[in-house]
Amino acid sequence: MLDASNTSKEIRENQPEIAVFGIGAVEQHSIHLPLGTDWLGVSDVTRRVADKLDAFLVPALPFSMSECHGPMAGTVWLKPETLAAVLHDAVQSLYAQGFRKVLVINGHGGNFVLEAQIRQLNLNNPDLIVLMPPLFFPPQPGEAKIWDKGTGIHASESETAHQMYINPEHVKQKRVDYMPPVGREFLDYAFVGFISEYGVWGYPSFATAEKGERSTTRKVRRIVEWTQGAFAAVEALREAQGEA
């Protein structure tokens with residue numbers, strides 16, 4: 001794996017086939033998790049994935065579409081068109097250097113604009129493949145259950161467990177469990193703080209570092225497997241299309 005700690009010369013002379021680029025967020029995460037939870041989390045996952053793929057790791061973007069958390073202190077957000085432009089420019093800069101495979105890993109659930117921008121990048125650059133794995137992978141048959149209360153939506157059992165595993169010194173002991181009586185679609189209608197007083201959507205008190213380690217290991221493995229299969233599938237489809 002190569003990353004931003006390497007020199008330009010080292011990248012040029014040993015350029016990996018794949019570049020990995022994470023998208024994080026800086027936003028409130030209730031009273032027990034740091035503002036940078038999504039950014040810290042996706043930075044950790046992208047580093048592990050890039051290492052497995054022997055890829056070039058691009059530092060994760062810390063800001064994205066967090067406006068629904070806006071009134072709560074410390075939150076920073078980008079407009080959808082700004083995030084789309086940042087992703088476009090970052091990928092195009094990699095393309096200009098010779099990268100033809102880019103893996104975008106989304107670390108924030110509200111970034112709905114990413115898929116549309118990735119579609120355009122692929123359509124406009126026939127020799128470029130930009131992929132983005134699913135945010136969540138369902139358990140495979142026979143896999144042991146990890147979560148007692150599900151993954152939740154925000155500052156929940158799963159997010160808390162991941163931070164307890166990678167960043168325990170910044171996880172507070174006091175936690176509030178709360179599941180709003182409305183669906184996730186209400187994030188389009190109201191700020192999170194109006195739906196949940198403490199900005200939580202789930203059951204963080206059930207989190208443990210052991211769950212975080214198990215979840216992280218499984219997630220990295222599934223992303224790597226998915227990425228290898230997806231790149232191969234897209235290449236085969238394009239080759240077949242060219243022969244048609």
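In the block above lies the structure referred to throughout.
Rules used in this analysis
Residues numbered from 1 in each chain as written. Predicted model: local features only at pLDDT ≥ 70, side-chain atom pairs only at ≥ 80, totals over all residues. Heavy atoms only, no water. Helix = DSSP H or I, 4+ residues; strand = E, 2+ residues; numbered from the N terminus. Contact = heavy atoms within 4.5 Å. 1 Å grid on protein atoms, 1.4 Å probe; cavity = no way out; pocket = protein on both sides within 12 Å on 5 of 7 lines; lining within 4 Å. Points joined across faces, edges and corners; volume = space filled by probe spheres on them. Nonpolar A, V, L, I, M, F, W, Y, C, P; charged D, E, K, R; others polar. Pairing = 2+ DSSP bridges. Axes fitted to C-alpha atoms, helices over the stretch in contact; angles between N-to-C directions. Phe/Tyr/Trp six-rings, centres within 6.5 Å; stacked < 30°, edge-to-face > 60°. Buried < 20%, exposed > 50% of the residue type's maximum accessible area, 1.4 Å probe, protein only. Lys NZ or Arg CZ within 6 Å of the ring centre and 35° of its normal.

Chemist: What's the story with the environment of Leu57 in this structure? I'm lost.
Modeler: Structurally, the position occupied by Leu57 is in strand S2 (residues 56–61). As for Leu57 and Ser5, which are separated by 52 residues in sequence, their C-alpha atoms are 9.9 Å apart. When neighbours within four sequence positions are excluded, Leu57 is seen to be in contact with Met1, Leu2, Asp3, Ala4, Val20, Thr46, Arg47 and Ala50.

Chemist: How do you make sense of empty space enclosed by the protein when you look at a structure like this?
Modeler: Taking a probe equal in size to a water molecule and rolling it over the atoms shows the remaining empty space. The final tally for this structure, using the stated rule, is 1 cavity of 30 Å³ or more. Looking at the largest cavity, the residues that line it are Ile105, Asn106, Pro133, Pro134, Leu135 and Lys219. The residue makeup of the lining of the largest cavity, split by class, is 4 nonpolar, 1 polar and 1 charged.

Chemist: Sorry if this is basic, but what is going on with the sheet that holds strand S3 (residues 101–106) here?
Modeler: Sheet strands associate in pairs through backbone hydrogen bonding, adopting either a parallel or an antiparallel arrangement. Read across the open sheet, the 4 strands follow the order S2-S1-S3-S4; overall the sheet is parallel. Only two strands of the sheet have a single neighbouring strand rather than two, namely S2 and strand S4 (129–131). Averaged over all adjacent pairs, the angle separating strand axes in this sheet is 15 degrees, with direction ignored. Of the pairings in the sheet, the one linking strand S1 (residues 18–23) to S3 comprises 6 bridges and is parallel in character. Across the sheet, the residue bridging to Ile18 is Lys101, located in S3. Across the sheet, helix H2 (residues 37–53) touches S1, S2 and S3, and the angle it forms with S2 is around 170 degrees.

Chemist: What is the right way to read the packing of aromatic side chains from this model?
Modeler: We describe a pair of aromatic rings using the distance from one ring centre to the other and the angle between the two ring planes. In this structure the tally under the stated criterion is 4 aromatic pairs. The interplanar angle of 75 degrees and the centroid separation of 5.2 Å between the aromatic rings of Phe186 and Tyr189 together place this pair among those described as edge-to-face. A relative accessible area of 32% means that Phe186 is categorised as partly exposed. Seen in terms of ring centroids, Phe191 and Phe194 are 5.7 Å apart; in terms of plane orientation they differ by 80 degrees. Their pairing is edge-to-face. Of the residues examined, Phe191 reaches a relative accessible area of 33% and is grouped as partly exposed. Sitting over the face of the ring of Tyr95, Arg100 holds its NZ or CZ atom 3.9 Å from the ring centroid. Sitting above the plane of the Tyr203 ring, Lys149 keeps its charged end 5.1 Å from the centroid.

Note that all results are geometric; they support no functional claim without further evidence.
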